[in-house]
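Coordinate inspection notes
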Amino acid sequence: MVYGHSDPGRPHIIEPVTLKILVAGGFGAGKTTLVGAVSEIKPLRTEELLTEAGRPVDNIAGVEGKKTTTVAMDFGRITLREDLVLYLFGTPGQDRFWFLWDELATGALGAVVLADTRRLEDCFAAVDYFERRGIAFTVAVNCFEGADSYPEDSVREALDLDPGTPVVMCDARERESVKHVLISVVEHALLATAATR
């Protein structure tokens, strides 16, 4: 809760609006990093070490240094304004965990599809998922060091996105960059909701 003052000497409680945002994308795209970079609480993480048993099903090409994977979800919270709080739910990236997505998506205002240009095809499933369910989303291209950089229009074309779907560049490690992504999601979702009324 946030406390405010409507007239001097008499405080009142401002009940913030809470919104649920999903963070999805391919394996190793930076979802856990994004949630952790912006969360004002210690993020809940459900990471496990990658094992030899998972090697045949976990494609680590391009992310060979990755040692852990999210097996259920990441959870964080950020207050954008005194009256607006976002709850962030990071989804697991591998397809064997996609059965969790329906539960995580329930009640979500919108989503971030985190893309890695080294493995852009890994975010096709997330784009398809949100399009089929009518959940507004922003594509955030995580600009990894050493990865090729592409203009937003090229990413939009490669992912075959609707013209109104925002595409933004970001650094999932940087709080201000992630806040920009989240603001884009909220604004896009609110516009999409207003358009359907």
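A brief structural summary. (Residues numbered from 1 in each chain as written. Predicted model: local features only at pLDDT ≥ 70, side-chain atom pairs only at ≥ 80, totals over all residues. Heavy atoms only, no water.)

**Details of the overall build of the chain**
Convention followed: Secondary structure follows DSSP: runs of H or I at least 4 residues long count as helices, runs of E at least 2 residues long count as strands, and numbering of each begins at the N terminus. Exposure classes here rest on a 1.4 Å probe applied to the protein chains alone. A residue is buried below 20% of its type maximum, exposed above 50%, and partly exposed in between. We call two residues in contact whenever any of their non-hydrogen atoms come within 4.5 Å of each other. Accessible surface is estimated by sampling points in the Shrake-Rupley manner with a 1.4 Å probe; for residues, cover comes only from the protein chains shown.
From N to C terminus, the chain includes 5 helices and 9 strands. Secondary structure of the chain in N-to-C order comes out as β-β-β-α-β-β-β-α-β-α-β-α-β-α. Burial analysis of the chain (197 residues in total) assigns 45% to the buried set. Taking as baseline every contact in the chain between residues at least 6 positions apart, the subset at least 24 positions apart corresponds to 68%. Surface summary for the chain: the accessible area is close to 10,600 Å², and the carbon and sulfur share equals 53%.

**Some words on helix α3 (residues 124–133)**
Each α-helix turn comprises 3.6 residues. Residues three or four places apart therefore point the same way. Rule in force here: In this context, the arc is that of the directions from the helix axis out to the C-beta atoms.
For α3, the complete set of buried residues consists of A126, V127, Y129 and F130. Mapping the buried residues of α3 onto a view down its axis gives an arc of 160°, with all of them on the same face. If you follow the buried residues of α3, they end up packed against β3 (17–25), α2 (101–105), β7 (110–115) and β8 (136–142). Once α3 finishes, G134 follows within two positions and takes phi at roughly 65°, a positive value.

**What about a negative patch on the surface?**
Quick reminder of the rule: Residues qualify for a patch when their relative accessible area is over 30% and they have no salt bridge, like charges being joined within 9 Å and the nonpolar side chains of Val, Leu, Ile, Met, Phe, Trp and Tyr within 5 Å. The term salt bridge refers to a side-chain nitrogen of Lys or Arg lying within 4 Å of a carboxyl oxygen of Asp or Glu. Counted as positive: Lys and Arg. Counted as negative: Asp and Glu, with His and the chain ends omitted from the count. Where a charge sits is defined by one atom per residue type, namely NZ (Lys), CZ (Arg), CG (Asp) or CD (Glu).
Side chains of D128, E131, E152, D153, E157, D160 and D162 sit close together on the surface and give a patch of like negative charge. Counting residues per element, the ones that place at least two in the negative patch are α3 and α4 (152–159). Broken down by element, the negative patch gets its largest block of residues, 3 residues, from α4. Looking at the secondary structure, you find D153 in helix α4. With relative accessibility at 59%, the residue D153 sits in the exposed group.

**A short note on the packing of helix α1 (residues 31–38) against helix α5 (residues 175–195)**
Filter applied, for reference: Orientation is described by lines fitted to C-alpha atoms, with helices fitted over the stretch in contact, and by angles between N-to-C directions that extend from 0 to 180 degrees. In these notes the angle categories are as follows: under 35 degrees is roughly parallel, over 145 is roughly antiparallel, 65 to 115 is roughly perpendicular, and the rest is oblique. Polar here means any residue other than Ala, Val, Leu, Ile, Met, Phe, Trp, Tyr, Cys and Pro, which are nonpolar, and Asp, Glu, Lys and Arg, which are charged; Gly is therefore polar.
The interhelical angle for the contact between α1 and α5, taken along N-to-C directions, is 100°, at an axis separation of 8 Å. Taken as axis vectors, α1 and α5 run roughly perpendicular relative to one another. Residues L34, A37 and V38 of α1 form the contact with α5, whose participating residues are R175, V178, K179 and L182. Its residues assigned to classes, the contact of α1 with α5 shows 5 nonpolar, no polar and 2 charged.

**Observations regarding the packing of aromatic side chains**
For clarity, the cut-off: Stacked, tilted and edge-to-face are the three classes applied to pairs of Phe, Tyr and Trp rings, where Trp contributes its six-membered ring and a pair requires centres within 6.5 Å; stacked means planes under 30 degrees apart, edge-to-face means over 60, and tilted covers the rest. Whether a charge sits over a ring comes down to the Lys NZ or Arg CZ being within 6 Å of the ring centre and within 35 degrees of the ring normal.
The full count for this structure, using the stated rule, is 4 aromatic pairs. Ring-pair connections join several aromatic residues into one group, and the members of that group are F75, Y87 and F89. Here the basic side chain of K20 rests over the ring of F89, its NZ or CZ set 4.8 Å away from the ring centre.

**Quick word on the pairing of β3**
Operational definition: Two strands qualify as a pair provided that DSSP identifies no fewer than 2 bridges between them.
The buried fraction of β3 is high, at 7 of 9 residues. Both β3 and strand β6 (residues 84–90) contribute to a ladder of 7 bridges, which runs parallel. Pairing of T18 across the sheet is with V85, part of β6.

**A short note on the pattern of salt bridges**
In total, this model carries 7 salt bridges according to the counting rule given. For the salt bridge of R81 with D83, the shortest nitrogen-to-oxygen distance reads 2.9 Å. Residue classification places D83 among the partly exposed positions, given a relative accessible area of 30%. Here R118 ties to D116 by a salt bridge, and the two come within 2.8 Å at their closest N and O atoms. Relative accessible area serves as the criterion here: at 35%, R118 is assigned to the partly exposed category.

**A few points about α4**
The set of residues buried in α4 consists of V155, R156 and L159. Buried residues of α4, seen end-on, are gathered within an arc of 100° and therefore sit on one face of the element. More than 90 degrees from the buried face of α4, the exposed residues found are D153 and E157. At the exit of α4 stands D160, carrying a positive phi of roughly 55°.

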